[in-house]
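Architecture at a glance
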Protein chains: 2
Amino acid sequence: MALRHAVLAVLLDGEYSGYQLAKIFDVSCSNFWYAVPQQLYAELTKLERAGLIAGRQVIQHDRPNKRLFTVTPAGLAELAAFAAVPSKPSSIREDLLVMVQAVDRLDPAPVIAQLEERAVIAAAKVELFDRMLRQLRGDLTEETFLRESDRIGPYLTCLRGRGFEQENREWCERVAALLRARAPVSS
Amino acid sequence: MALRHAVLAVLLDGEYSGYQLAKIFDVSCSNFWYAVPQQLYAELTKLERAGLIAGRQVIQHDRPNKRLFTVTPAGLAELAAFAAVPSKPSSIREDLLVMVQAVDRLDPAPVIAQLEERAVIAAAKVELFDRMLRQLRGDLTEETFLRESDRIGPYLTCLRGRGFEQENREWCERVAALLRARAPVSS
DNA sequence: CAGGAATAGTCATATCATTGAGTATGGTTC
DNA sequence: GAACCATACTCAATGATATGACTATTCCTG
């Protein structure tokens, strides 16, 4: 029952189609939730049936028609109710950490390779988030923007995503260098 | 197919019963994977049937009997195969972030309360991880331990857990303070 | 004009995860 | 001695997620 709230939260920003949502929720740029398109289309159907969002058909001539969705007052109330109940911390589940946990008893080479690859990915995401942040705050300083803008939610979640990826990158680089130094391998 | 590898990775450290594993995988101290007891018992059954772990019955007189499990050579091979295939980054899914994403259109009071609560929880986990790290490295310095010990996997994952919670704490505190400053509320 | 990419979406299925309720034993505390 | 907690584990039902295969349209490129 949480994907639905993530969808509602994103639709607060404006009308989106399932396809557009799919891009927002994609791994490459989702800073607070991830979902595949199929999940989103299914969720949109449920949300519409529940009266929490309203869809309208848009006829297009240059590409397939689409349906754009907006949050209804009932949807906003649902979000408010969601925000009112205490949430549990999300659980950590990361394959790469499992590998590092076991690395003493395994060949470290593939683990090192993955750590280095992940560090690069994390660095790219940090840069992506930096671009998103700059775009969101326009020509204001961060401080001014956060004090005065009336739409800071996406900026704040983006900050969290940036912090996570920065941490991730530093850890991956440190661990990779360490494992390399301990067991000099060719790869 | 990832819980199974997490279980194998933990069982590398020694014999454990399902009940002991359940404690290790509990939210309060799991730094790289989380699972409820029922999942673990089910997974242990599957792993034993697949020959990846071996269990032995231990008769106890002061409390119920238990079964202790160890990784078999086949299990170690399975872990090695797992570490060899590239893993996907885990997806972010955090209720609290969904709330912050939507906070501009909601009453900020309950969100602020949850952020402050979460900051306290994160701070407690940082301290817990610090204690675990100290215990793991004994009287060695971190640098010496990481260079010379032959069991650094758990230490490294613990470092990642600490970094995550530290980041989390700082973000929660900052965002809570910011939202408080923007909309002075009673709560 | 064939092939591929982008847009826009659907269906089916299998596995995974969550939740709640149980069973059983022994020790401790009030 | 009743209640409660810790150990140790099981079963069942539901809900969420992941995976793969599909349909359809239009635009752009070679």
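What counts, and at which threshold
- Residues numbered from 1 in each chain as written.
- Chains lettered and ligands numbered in written order.
- Predicted model: local features only at pLDDT ≥ 70, side-chain atom pairs only at ≥ 80, totals over all residues.
- Heavy atoms only, no water.
- Helix = DSSP H or I, 4+ residues; strand = E, 2+ residues; numbered from the N terminus.
- Rg over C-alpha atoms; globule rule 2.2 N^0.38 Å.
- Buried < 20%, exposed > 50% of the residue type's maximum accessible area, 1.4 Å probe, protein only.
- Areas by Shrake-Rupley, 256 points an atom, 1.4 Å probe, with all protein chains shown as cover.
- Lys, Arg positive; Asp, Glu negative; His and termini not counted.
- Charge placed at Lys NZ, Arg CZ, Asp CG, Glu CD.
- Near = heavy atom within 4 Å.
- Polar contact = N/O pair within 3.5 Å; in protein donor to acceptor, adjacent residues only side chain to side chain.
- Nonpolar A, V, L, I, M, F, W, Y, C, P; charged D, E, K, R; others polar.
- Contact = heavy atoms within 4.5 Å.
- Domains from an automatic or database assignment.
- Buried area = accessible area lost by both parts, 1.4 Å probe.
- Salt bridge = Lys/Arg side-chain N within 4 Å of Asp/Glu carboxyl O.

Looking now at the overall build of chain A. Along the backbone of chain A there are 8 helices and 2 strands. Listed by position from the N terminus, the elements making up chain A come as α-α-α-β-β-α-α-α-α-α. Whereas a compact globule of 187 residues would reach a radius of gyration of roughly 16 Å, chain A reaches 21 Å, over 25% beyond that. Each of the three principal axes of chain A carries a C-alpha extent, and together these read 60 × 45 × 40 Å. Across the 187 residues that make up chain A, the buried fraction comes to 47%. For chain A, the exposed area adds up to about 9,200 Å²; of that, 55% sits on carbon and sulfur atoms. One finds the centroid of the 24 positive side-chain charges in chain A at a distance of 4 Å from the centroid of its 24 negative side-chain charges.

What follows is about the protein's contact with DNA strand C. Taken together, 21 residues form the shell around DNA strand C, and within it Lys23, Gln60, Arg67 and Arg93 of chain A together with Gln38 of chain B come nearest. Taking the atoms of DNA strand C that fall within 4 Å of the protein, sugar and phosphate contribute 67% of them. With respect to DNA strand C, the side chain of Tyr19 of chain A contributes an N or O atom lying 3.0 Å from a phosphate oxygen. In this structure, Asn65 of chain A approaches DNA strand C through a main-chain N or O atom, which is 3.5 Å from a sugar or linking oxygen. Only helix H2 (18-24), helix H3 (37-49) and strand S2 (66-71) of chain A together with helix H3 (37-49) of chain B provide two or more residues apiece to the surface near DNA strand C. Among the residues forming the surface near DNA strand C, the class breakdown is 6 nonpolar, 8 polar and 7 charged.

Attention now goes to the side chain of Glu165 of chain A. Residue and element names in this part refer to chain A. Turning to its location among the elements, Glu165 is positioned in helix H8 (residues 153-182). Residue Glu165 is classed as buried on the basis of its relative accessible area of 7%. Each residue touching Glu165, except ones within four places of it in the same chain, is listed here: Ala122, Lys125, Val126 and Phe129.

Right, let's get into the domain arrangement of chain A. All names here are of chain A. Domain annotation of chain A identifies domain 1 (3-84) and domain 2 (95-182). Placing the centre of domain 1 and that of domain 2 at their C-alpha centroids yields a distance of 27 Å. Taken together, the contact between domain 1 and domain 2 spans 9 residues of the former and 9 residues of the latter. At the boundary of domain 1 with domain 2, total buried surface from both sides reaches about 560 Å², with 44% on carbon and sulfur atoms. At the junction of domain 1 with domain 2, the criterion picks out 1 salt bridge. In this structure, Arg151 and Asp13 form a salt bridge, with 2.5 Å as the shortest nitrogen-oxygen distance.

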